[in-house]
Amino acid sequence: MNMHTLIETANQLVADDKGLLAIDESNPTCNKRFSALGIAQNEETRRRWRELIITTPDLQQCISGVILFDETFYQKKLDGTPFIKLLTDANILPGIKVDTGAKPLAGHQDESVTEGLDQLRDRLQHYAELGARFAKWRAVLVVDEQLPSSACVDANAHALARYAALCQEAGLVPIVEPEVLMTGTHSLAQCFQVTESVLHGVFNQLYRQGVNLEALILKPNMVLSGQDCVQQATLTEVAEATLRCLLRVVPAAIPGIAFLSGGQSAVLATARLQAMNAGASLPWALAFSFARAIQQPALELWLGQDENRHTAQRALLKRARCNQAARRGNYTSAMEQDV
Ligand code: 5MM
């Protein structure tokens, strides 16, 4: 492992106001998104969708890295060119989701712990040999009056740190993703309190496992009101609460924070990123690592039909450009009218 290279890669992922594009949906999740739009749910359709995304012209102008799922990692363009080569040739860093999913946490109803540490060292080495430059692991935390339990926070923080240490050993930059879900009736204040305590737990474990903070990217949720909360926080309240929370618990040593979108609408996710980047200077780059908030408008135009391919690519690029503008603090709602 060359720590200098790892640090360079981590910085490259958040350089030039670019962000990450997550296309690492597991097959059940990808199929669920397809099914909602009447798109066929099979390996070839998933390949065609991912090919459309990866071959979007000019994507590299606003996207620094793409997170792949294992199936996609080995797939090829119709002409036989591996997706990994297409990305690398376009100067987009290929990444790989390496967790094996959130599984029920024993003795803790409605809570999960993300699994995948078994054989992880070998899997990471394999992906690195095939050209991956970074990896991703997502933990899921549910909020209600009692949850998350400290057992759930501790177990997930420990697994994230073990994963991150193994990634750095293998020469891959770890994307550390503890997601506090927006589903539920909880308030902005509850989300703040849970997010703060989860991030505390994660950075504590990262420290204990000897993970180099200069060579990782944090992928957190924004601090939001639960989606069924009667009192929805305003744009300014979300931006203020998210920044206050992150400034309390995220060390200045990390190069960047790249938010997940978590089910927010594409436009709202961009507007909130803009609101956070429009203010005071911050110790880390504040970027994006969206899946739905970049893909969904394009998917709704594609509908599995080749004749919609270019329209869908334009919609995808537009979202990527809007998010890059939001990183610069230059995004305005007028950009939504651009074709
Ligand atoms: C939270 O999900 C991640 C970011 O996506 P959104 O911006 O849509 O919230 C995403 O990378 C997620 O981890 C993958 O889609 C994989 O999810 P599954 O549940 O299929 O493992």
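One can find the structure itself at the top, above this paragraph.
Only a predicted model underlies this, so the values are computations on that prediction, with no experimental measurement involved.

When helices and strands are tallied, the chain shows 12 helices and 10 strands. Taking 339 residues into account, the globule formula puts the C-alpha radius of gyration at 20 Å, and the chain, at 19 Å, falls close to it. Summarising its shape, the C-alpha atoms of the chain cover approximately 50 × 45 × 40 Å along the three principal directions. Counting the 339 residues in the chain, one finds 55% classified as buried. Counted over contacts in the chain with a minimum sequence separation of 6, partners at least 24 positions apart contribute 78%. Summed over its atoms, the accessible surface of the chain is roughly 14100 Å², and 49% of this surface lies on carbon and sulfur atoms. Positive and negative side-chain charges in the chain, numbering 31 and 36 respectively, have mean positions lying 4 Å apart.

Inspection of the entire model under this criterion finds 17 salt bridges. In this structure, Arg327 engages Asp17 in a salt bridge whose closest nitrogen and oxygen atoms are separated by 4.0 Å. You can see Arg327 sitting in helix 12 (residues 309-328) and its partner Asp17 sitting in the loop between helix 1 (3-13) and strand 1 (19-23), a full 310 residues away along the chain. Residue class for Arg327 comes out buried when judged on its relative accessible area of 10%. Residue Glu240 is joined to Arg244 by a salt bridge in which the shortest nitrogen-to-oxygen separation is 3.0 Å. Of the two residues, Glu240 and Arg244 both sit in helix 9 (residues 235-249), four residues apart, roughly one turn of that helix.

As a further point, take the side chain of Glu196. On the secondary structure map, Glu196 appears in helix 8 (residues 188-208). On the basis of relative accessible area, Glu196 is assigned to the buried category, the value being 18%. Among the polar contacts listed, one links the side chain of Glu196 to the side chain of Arg248, at a separation of 3.2 Å. Apart from the residues lying within four places of it in its own chain, the contact partners of Glu196 are Cys245, Arg248 and Val249.

Taken together, 17 residues sit near the ligand, with Ser26, Thr29, Lys136, Ser261 and Gly262 positioned nearest. One nitrogen or oxygen atom from the side chain of Ser261 is found 2.4 Å from an oxygen atom belonging to the ligand. In isolation the ligand has 510 Å² of accessible area, and contact with the protein removes 91% of it. Elements supplying a minimum of two residues to the shell around the ligand: strand 6 (134-141) and strand 7 (173-180). Partitioned by chemical class, the residues of the shell around the ligand number four nonpolar, four polar and nine charged.

So, how was this worked out
Residues numbered from 1 in each chain as written. Predicted model: local features only at pLDDT ≥ 70, side-chain atom pairs only at ≥ 80, totals over all residues. Heavy atoms only, no water. Helix = DSSP H or I, 4+ residues; strand = E, 2+ residues; numbered from the N terminus. Rg over C-alpha atoms; globule rule 2.2 N^0.38 Å. Buried < 20%, exposed > 50% of the residue type's maximum accessible area, 1.4 Å probe, protein only. Contact = heavy atoms within 4.5 Å. Areas by Shrake-Rupley, 256 points an atom, 1.4 Å probe, with all protein chains shown as cover. Lys, Arg positive; Asp, Glu negative; His and termini not counted. Charge placed at Lys NZ, Arg CZ, Asp CG, Glu CD. Salt bridge = Lys/Arg side-chain N within 4 Å of Asp/Glu carboxyl O. Polar contact = N/O pair within 3.5 Å; in protein donor to acceptor, adjacent residues only side chain to side chain. Near = heavy atom within 4 Å. Nonpolar A, V, L, I, M, F, W, Y, C, P; charged D, E, K, R; others polar.

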